[in-house]
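Structural description and commentary
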Amino acid sequence: MAVPPQEAIEKLFYAAKFPMKEYRLRQRVRPGNRPGTWEKLRRFKQEKEDIRPGIAARLATKLACFTMHEILFGGGAGVGIVSIALKNAERRIKIEQQEAFARRFRLAFGRQPQ
């Protein structure tokens, strides 16, 4: 499948761009009954901020295993890189979280979770 030169250049620039911002959910708070206290509300807001160095390092580690073809073309014709990268990253993060939970559980209770 031939890719027009202009599209290949655009995809290369897109692939070379590293995320500089991240979005986080923050729970809304309001002043509590006593001075200096805060009451958490059941509402959240989304905030955009500069990506943290630790998050950037983990993201770079996760993306290091992708080949140039996967980065430029998403692993197939017409498939977006973002959806494939997110699915792979979510899968890896879920596995890491499960392994971390199992380690903490073993340390706390001396056996595997059921």
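Conventions and cut-offs
Residues numbered from 1 in each chain as written. Predicted model: local features only at pLDDT ≥ 70, side-chain atom pairs only at ≥ 80, totals over all residues. Heavy atoms only, no water. Helix = DSSP H or I, 4+ residues; strand = E, 2+ residues; numbered from the N terminus. Buried < 20%, exposed > 50% of the residue type's maximum accessible area, 1.4 Å probe, protein only. Contact = heavy atoms within 4.5 Å. Areas by Shrake-Rupley, 256 points an atom, 1.4 Å probe, with all protein chains shown as cover. Polar contact = N/O pair within 3.5 Å; in protein donor to acceptor, adjacent residues only side chain to side chain. Phe/Tyr/Trp six-rings, centres within 6.5 Å; stacked < 30°, edge-to-face > 60°. Salt bridge = Lys/Arg side-chain N within 4 Å of Asp/Glu carboxyl O. pLDDT = per-residue confidence, 0-100. Pairing = 2+ DSSP bridges. Patch = residues over 30% accessible without salt bridge, like charges linked within 9 Å, V, L, I, M, F, W, Y side chains within 5 Å.

Concerning the overall build of the chain
- Within the chain, the secondary structure is distributed over four helices and two strands.
- In the chain, the succession of α and β elements from N to C terminus is α-β-β-α-α-α.
- Within the chain, buried positions represent 13% of all 114 residues.
- Long-range pairs, those at least 24 residues apart, make up 42% of the contacts in the chain with a sequence separation of at least 6.
- If you sum the accessible surface of the chain, you get close to 9,700 Å²; carbon and sulfur atoms cover 58% of it.

Examining the side chain of Asn 88
- With respect to the helices, strands and loops of the structure, Asn 88 is situated in helix H4 (residues 81-109).
- Within the structure, Asn 88 has its side chain in polar contact with the side chain of Arg 91 (distance 3.2 Å).

Quick notes on the packing of aromatic side chains
- For the structure on display, the rule yields two aromatic pairs.
- Geometrically, the ring pair formed by Phe 101 and Phe 105 is tilted, given 5.9 Å between the ring centres and 45° between the ring planes. One end of the pair, Phe 101, and the other, Phe 105, are both in helix H4, four residues apart, so they sit about a helical turn from each other.
- With relative accessibility at 16%, the residue Phe 105 sits in the buried group.
- An angle of 50° between the planes, with centres 4.7 Å apart, marks the rings of Phe 105 and Phe 109 as tilted.

What to know about the pattern of salt bridges
- Applying the stated criterion across every chain yields a total of 10 salt bridges.
- Of the charged contacts in the structure, one is a salt bridge between Glu 49 and Arg 24, with a shortest N-O distance of 3.2 Å. You can see Glu 49 sitting in strand S2 (residues 38-50) and its partner Arg 24 sitting in strand S1 (residues 21-31), a full 25 residues away along the chain.
- For Glu 49, a relative accessible area of 19% gives the class buried.
- What makes Arg 24 partly exposed here is its relative accessible area of 24%.
- Here Arg 30 ties to Glu 39 by a salt bridge, and the two come within 3.1 Å at their closest N and O atoms.
- Where salt bridges share partners, they join Glu 22, Arg 24, Arg 26, Lys 45, Glu 47, Glu 49 and Arg 52 into one cluster.

With respect to the confidence of the model for the chain
- Of the residues in the chain, 81% reach a pLDDT of 70 or more, and the chain-wide mean stands at 79.
- Averaged pLDDT values for the elements of the chain fall to 65 in helix H3 (residues 68-73) and rise to 88 in S2.

With respect to the pairing of S2
- Bridge count for S1 against S2 is 10 bridges, and the pairing is antiparallel. Along S2, the bridge assignment pairs Val 29 with Lys 40.
- Counting the residues between successive antiparallel strands, the hairpin from S1 to S2 contains six residues, one of them, Gly 36, with a positive phi of roughly 80°.

Here we look at a nonpolar patch on the surface
- On the surface, Phe 18, Met 20 and Leu 63 cluster together into a nonpolar patch covering about 270 Å² of accessible area.
- Mapping Phe 18 onto the fold places it in the loop between helix H1 (5-16) and S1.
- Note on Phe 18: relative accessible area 32%, which makes it partly exposed.

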